[in-house]
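# Structural overview for review
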Amino acid sequence: MDPTKRTIRKIDRDAQYFVAQALGHSSLSLSDYDMIHTVNHNPGITQEELRKKYSQDKSTIARRAAKLEKEGYIVRRPHPVDGRRKQLYITEKGAMLRDAKVEAESFFFQWLTEELSDEELGQLCPLLERIQLRSRTERRAQFETLLARYQKTHPVSGSDQ
């Protein structure tokens, strides 16, 4: 049984909904915010790289990129070597939205923890950082170890494996 009862995910979901409401960007989905964040941290990322990162089909990524470009959050430019591919870059408007999102998230988490004592925060924060480091390390390794472990106990029915 999951000892966290998926509480971390539930808190994250609440934070994302708060951010969306606080920023008042009803036309943007949580996935749109994620794409803006990814483009911000990976200037020149291609739509194909985003497709792989998000495990979504080509048309979904292209539609989302077109929407974000139309709304002025990103720009798509032809790849310098392969003009058929598009590279994405964040615009000033996109950077301002990303900064506002970070500020709103910080506000939410500050509110969330304001009833904790310094001692409780001193216990909680190092544990969260340890969990986050473990997650980030495995993500950077493309979840290779974790996926192998999962697939041993959760075989995928109907797959080509």
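Everything below is about the structure shown above.
Scope of this entry: the structure provided in the associated data block. Bear in mind the structure is a predicted one, so any value in this text is a computation, not a measurement.

## Re the packing of helix α2 (residues 30-41) against helix α3 (residues 47-54)
Direction vectors running N to C along α2 and α3 enclose 125°, while the axes themselves pass 12 Å from each other. One finds that α2 runs oblique with respect to α3. Crossing angle aside, the handedness with which α2 passes α3 is right-handed. Residues Asp34, Met35, Thr38 and Val39 of α2 touch α3, and the partners they reach there are Leu50, Lys53 and Tyr54. Residues of the contact of α2 with α3, tallied by class, amount to 4 nonpolar, 1 polar and 2 charged.

## Concerning the nonpolar core
Formed by 14 residues in total, the largest nonpolar core has its most connected members in Val39, Leu50, Leu68 and Leu88. Of all the secondary structure elements, the ones that give two or more residues to this core are α2 and α4 (58-70). Here this core takes 4 residues from α2, the largest share from any one element. Non-local contacts of Leu50, meaning those with residues more than four positions away in its chain, are made with Met35, Thr38, Val39, Ile45, Ile61 and Leu88.

## With respect to the packing of aromatic side chains
Two aromatic rings are characterised by how far apart their centres lie and by the angle between their planes. In total, this model carries 4 aromatic pairs according to the counting rule given. Ring centres of Phe18 and Phe107 lie 6.2 Å apart, and the angle between their planes is 15°; on these two criteria the pair is classed as stacked. Taken together, the residues Phe18 in helix α1 (residues 7-23) and Phe107 in helix α5 (residues 92-113) connect sequence positions 89 residues apart. Looking at Phe18, the relative accessible area reads 27%, which means it is partly exposed. Under the relative-accessibility criterion, Phe107 is labelled exposed at 54%. Members of the aromatic cluster, each reached through a chain of ring pairs, are Phe18, Phe107, Phe108, Phe109 and Trp111.

Thresholds applied
Residues numbered from 1 in each chain as written. Predicted model: local features only at pLDDT ≥ 70, side-chain atom pairs only at ≥ 80, totals over all residues. Heavy atoms only, no water. Axes fitted to C-alpha atoms, helices over the stretch in contact; angles between N-to-C directions. Helix = DSSP H or I, 4+ residues; strand = E, 2+ residues; numbered from the N terminus. Parallel < 35°, antiparallel > 145°, perpendicular 65-115°, else oblique. Left-handed = near helix turned anticlockwise from the far one by under 90°. Contact = heavy atoms within 4.5 Å. Nonpolar A, V, L, I, M, F, W, Y, C, P; charged D, E, K, R; others polar. Core = buried A, V, L, I, M, F, W, Y, C linked by side-chain atoms within 4.5 Å. Buried < 20%, exposed > 50% of the residue type's maximum accessible area, 1.4 Å probe, protein only. Phe/Tyr/Trp six-rings, centres within 6.5 Å; stacked < 30°, edge-to-face > 60°.

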